[in-house]
Amino acid sequence: MLLKTYYLPLLMGLYVFCYLQTSVRLRLKKNIILQTKEEKIQGDKIYSTNSLQTIKLVPGDNIQAAIDQLNKVKGGTVVLGKDTYILSKSLIVYSNINISGYSEKDPSGVLLTVTDTLYNSPIIYSKTGIHNVRYQNFKVLGNLKDSEQHLDPTYHSKGKTENIPGIRKSLLGILLTADGSSYAKAKSSNITLKNIEVSNCAMGIHIKGAKDVFLTKMNLHTNGMIEKYYHNLYFRRVFKFTITDSKMYNSLTGNGINISQSEEVTLTNNECYDNFFRGLRVEGEQGYRINKIDISNNRCFNNGDAGIRLVNILEGLVNSNKAKGNKKEDTRFRNTAKVSFKNNSWQ
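These numbers come from a predicted model, not from an experiment. (Residues numbered from 1 in each chain as written. Predicted model: local features only at pLDDT ≥ 70, side-chain atom pairs only at ≥ 80, totals over all residues. Heavy atoms only, no water.)

As for the pattern of salt bridges
Taken as a whole and judged by the stated rule, the model has 13 salt bridges. Between D305 and R278 there is a salt bridge, and its shortest N-O distance comes to 3.3 Å. Here D305 is found in the loop between β22 (299-301) and β23 (306-311), whereas its partner R278 is found in the loop between β19 (271-273) and β20 (280-283), with 27 residues between them in sequence. Residues D305 and R278 agree in their burial class; the two are buried. Between R281 and E283 there is a salt bridge, with the nearest N and O atoms lying 3.0 Å from each other. (Salt bridge = Lys/Arg side-chain N within 4 Å of Asp/Glu carboxyl O. Helix = DSSP H or I, 4+ residues; strand = E, 2+ residues; numbered from the N terminus. Buried < 20%, exposed > 50% of the residue type's maximum accessible area, 1.4 Å probe, protein only.)

Below, the structure written as structure tokens:
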């Protein structure tokens, strides 16, 4: 009798627990789309799932928790519903995990932003190699103040910025960095960015140590921090990539597109205008020679220095570009003897 009295509450509790767990599993079984399980993460609560899943979120849900859950099952897609997502720290991204706004027709309807005036980290960040990722259909908005993006000129010389208390030069929109100084050694690969707007960051997008990268329909503007060093877009040690059908404008301190130490560079049908420094720059530095470029159908105008600057290029094609009304010079070419120039408007 005493044993029954002692164990009865425990048995009842176990029964209720099992019933609730079964109920959750039954509800999850209804969330099936295209043979891929769909989940909801509310706050910090995550329900267990299988691989190859899509997790749909709404503002207030935990994006990082969804990414971490997909990382445990080696891949999937996070779909962000319409409205604003306020972040307090970087979204750390991993291989085989895609991030997509809810609609290709309304990329600005999904906003990733920060509000803390001390925030000083990339908004989307990977510091190790990542592979097979696709980010699309959303807007990334930093919160740099106008005064932070227009520092006193004495701070812009090399090394001076380190002496500015509280400078937020690490607030980049998207930073994907990895080791690798050649196609064979690049630690990141198969990266696609599509239909993304990035603004009001120290630098819009910065990618290093990657191969097989594709960007299209990008809108990068009003990014900048340190004159001549912080750009709308900066690729370094990126091999076999394409940037197409994109706009890079109004960098407050740098270039629209800045490429160095890279190979197999394809830039087509882009607009680079109203940037503080150069519109489009592809240059091998410190003796490096960039091989295989295709620079075609780009328009570069009203930039503060050169519209198009190509330096230390081994071979390639520069075709049907326009560079007009740039403040210092429309073009600057050096060590490009084996590059073929055709049908460009400055010729």
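Considering the layout of surface pockets
Computed from the structure, the second largest pocket encloses a volume of approximately 240 Å³. Of all the elements in the fold, those that place two or more residues in the lining of the second largest pocket are α2 (63-72) and β5 (83-87). In terms of residue class, the lining of the second largest pocket is built from five nonpolar, six polar and two charged. (1 Å grid on protein atoms, 1.4 Å probe; cavity = no way out; pocket = protein on both sides within 12 Å on 5 of 7 lines; lining within 4 Å. Points joined across faces, edges and corners; volume = space filled by probe spheres on them. Nonpolar A, V, L, I, M, F, W, Y, C, P; charged D, E, K, R; others polar.)

Considering α2
For α2, a buried count of seven out of ten residues is recorded, marking the element as mostly surrounded by other parts of the structure. Listed as buried for α2 are I63, Q64, A65, A66, I67, Q69 and L70. Among the structural elements, β3 (53-57), β4 (76-80), β5, β6 (91-92), β7 (97-101) and β8 (110-114) are those in contact with the buried residues of α2. Here α2 starts with a cap whose side-chain oxygen sits 3.1 Å from the backbone nitrogen of Q64, and that cap is N62. The first or second residue beyond α2 is K74, which carries a positive phi of 70 degrees. (Contact = heavy atoms within 4.5 Å. Polar contact = N/O pair within 3.5 Å; in protein donor to acceptor, adjacent residues only side chain to side chain.)

Digging into the pairing of strand β12 (residues 188-199)
Among the twelve residues of β12, eleven are classified as buried, and the element is accordingly described as predominantly covered. Relative to β12, strand β10 (residues 131-141) is paired through nine bridges, and the arrangement is parallel. Paired with R134 across the strands is T192, a residue of β12. In terms of strand pairing, β12 meets strand β13 (residues 203-216) through six bridges, oriented parallel. Bridge pairing in β13 places K194 opposite T216. Note that β12 and strand β14 (residues 219-221) share three bridges and pair parallel. Each residue of the ladder has a partner; that of S199, found in β14, is H221. (Pairing = 2+ DSSP bridges.)

Examining the packing of aromatic side chains
Applying the stated criterion across every chain yields a total of five aromatic pairs. Taking the centre distance of 5.7 Å and the plane angle of 50 degrees together, the rings of F333 and W346 count as tilted. Of this pair, F333 sits in strand β26 (residues 329-334) while W346 sits in the segment after β27 (339-342), placing them 13 residues apart in sequence. On the basis of relative accessible area, F333 is assigned to the partly exposed category, the value being 26%. (Phe/Tyr/Trp six-rings, centres within 6.5 Å; stacked < 30°, edge-to-face > 60°.)

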